[in-house]
Every structure is written in C-alpha cells, then in structure tokens.
Amino acid sequence: MSRPRGQSGPTELGGSSTIAVTCVMDGRCHSVPDEELAIGITHRGGQYSAVCGHVVTPAPMVAPDGDPCPVCAERDASHRSRRVRRFRR
C-alpha cells in the first residue's frame, strides 16, 4: 500500500472519502473507499476494489506512489464536484 492520502469527497462506492493505494499489478495509484478497506481486510485477504473497478493488490507502504489511475481521478473529481453543487444550494 502506498502512503495513504485522504481525498475528500464522495465516491460511487459508498459516499465517503478515499485512500490512495498503489497496486503492485499495474503500478498505478488508485482511489479506494474507506469502507472497501475494511471489507478487503476481513473478506479478501488484503485486496481492495478501487472506484474504477480495478482490484488492487497493495504495494508496500515504503514504495513510492505510482502514477495516478486516470479513471479513479476522473470519478473522484466528478463525484466531488456533484457533492459540492448539491450542498451549496
């Protein structure tokens, strides 16, 4: 797992914040919802579903973050902007 970075804003998978996790399989840094981390720990042996749908096998925490996943970045940004608009009314 890469160094966790909280990213504010809702996601498709539960409406909470996400954590940046670098995957050893594709080398990209994916956005993983907080709830998914808890589910992955208890039921999947440490694999997590990112907001893009990729199943992340985390890299060691000492590894540098990979390049951001463009799909995760787009989905996180679109949900964040929708939430801001919804709560500004």
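Our subject is the structure listed above.
As a convention, each chain's residues are numbered from 1 in the sequence order in which they are written. With pLDDT at 70 or above as the cut-off, local features in this predicted model cover only qualifying residues; side-chain atom pairs require 80 or more to be listed or tallied, and sums for whole chains, interfaces and linings still use all residues. With hydrogens and water stripped out, all remaining heavy atoms of the structure feed into the side-chain values.

### So, the pairing of strand β3 (residues 28-33)
Taken residue by residue, a regular strand's side chains alternate between the two faces of the sheet.
For step 1, the next point in the chain: Of all six residues in β3, five are buried; the element is thus mostly enclosed.
For step 2, the next point in the chain: Bridging between strand β2 (residues 18-22) and β3 involves five bridges; their strand directions are antiparallel. If you follow A20 over to β3, its bridge partner there is S31.
For step 3, the next point in the chain: The antiparallel pairing of β2 with β3 creates a hairpin that spans five residues between the two strands, and G27 there sits at a positive phi of about 75°. Burial classes: relative accessible area under 20% of the type maximum marks a residue as buried, over 50% as exposed, and values in between as partly exposed (1.4 Å probe, protein chains only). Secondary structure follows DSSP: runs of H or I at least 4 residues long count as helices, runs of E at least 2 residues long count as strands, and numbering of each begins at the N terminus. Note: two strands are recorded as paired if DSSP finds a minimum of 2 bridges between them.

### Comments concerning the environment of S17
For step 1, the next point in the chain: Of note, S17 is situated in the loop between β1 (6-7) and β2.
For step 2, the next point in the chain: The spatial distance from the C-alpha of S17 to the C-alpha of E35 is 9.0 Å, given a sequence separation of 18 residues.
For step 3, the next point in the chain: For S17, the side chain forms a polar contact with the side chain of D34, separated by 2.7 Å. Distance and chemistry together define a polar contact, namely a pair of N or O atoms within 3.5 Å, with one atom able to donate a hydrogen and the other to accept it when in protein, and with adjacent residues in sequence counting only for side-chain atoms on both sides.

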